Amino acid sequence: MSLLNPTAALARAVAGVAAQGFAVVARNTRGDSVYLKPEGSVFALRVSNHARTPKQRANHPDSVTSLVIRQPKTAAQVDALVAEALRNYAGECRKREG
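All figures in this text were calculated on a predicted structure; none of them were measured in a lab.

*Asks:* Which parts of the structure should I look at to understand the side chain of Asp32?
*Replies:* Following the sequence through the fold, Asp32 ends up in the loop between strand E2 (22-27) and strand E3 (33-38). Excluding residues that lie within four positions of it along the chain, Asp32 makes contacts with Val47, Ser48, Asn49 and His50.

The following block contains the structure:
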């Protein structure tokens, strides 16, 4: 059971979300927060190593869910977090589309 460091785990998470038809639409200057959207959607899924700050909430009100990775994870753990984030994203989109 090999652990991915947080940077590698975040990269795997971004790749996993992108593999589900999401494209990177924004990235902060440090590169530790990435926003992805499926084509045609107004809502974003955020992948980061920290909780959203008030500035991030203001700059990205379209972000409806976040996947946060702060600690080393196995590939399987990252894949499970991606699956959970995608479920949460779909649920939040349904709520907001009403």
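*Asks:* Before we go on, may I ask you to explain the pattern of salt bridges in this structure?
*Replies:* When charged atoms on two side chains of opposite charge get close, those side chains can pair. Evaluated as defined, the whole model comprises four salt bridges. Between Lys37 and Asp62 there is a salt bridge, and its shortest N-O distance comes to 3.0 Å. Within this pair, whereas Lys37 is found in strand E3, its partner Asp62 is found in the loop between helix H2 (54-59) and strand E5 (63-68), the two being separated by 25 residues in sequence. Side by side, Lys37 and Asp62 carry an identical accessibility label, which is buried. Between Arg96 and Glu92 there is a salt bridge, and its shortest N-O distance comes to 3.4 Å. Here Arg96 and its partner Glu92 are both found in helix H3 (residues 75-97), four residues apart, which amounts to about one turn of the helix. Here the salt bridges do not stand alone but share partners, grouping Glu92, Lys95 and Arg96 into one network.

*Asks:* What exactly am I supposed to notice about helix H1 (residues 6-18) here?
*Replies:* Because an α-helix packs 3.6 residues into every turn, residues spaced three or four apart end up facing the same way. Helix length check: H1, at 13 residues, gives a terminal C-alpha distance of 18 Å against a target of 18 Å (1.5 Å per residue), a fit within 8%. What H1 keeps buried is the set Ala9, Leu10, Ala13, Val14 and Val17. Angular distribution of buried residues about the axis of H1 spans 140°; they occupy a single face of the element. Its side-chain oxygen 3.0 Å from the backbone nitrogen of Thr7, Asn5 forms the N-cap of H1.

Thresholds applied
- Residues numbered from 1 in each chain as written.
- Predicted model: local features only at pLDDT ≥ 70, side-chain atom pairs only at ≥ 80, totals over all residues.
- Heavy atoms only, no water.
- Helix = DSSP H or I, 4+ residues; strand = E, 2+ residues; numbered from the N terminus.
- Contact = heavy atoms within 4.5 Å.
- Salt bridge = Lys/Arg side-chain N within 4 Å of Asp/Glu carboxyl O.
- Buried < 20%, exposed > 50% of the residue type's maximum accessible area, 1.4 Å probe, protein only.
- Expected span 1.5 Å × (residues − 1).
- Arc of directions from axis to C-beta.
- Polar contact = N/O pair within 3.5 Å; in protein donor to acceptor, adjacent residues only side chain to side chain.

Everything listed here is a matter of geometry and, on its own, says nothing about what the molecule does.
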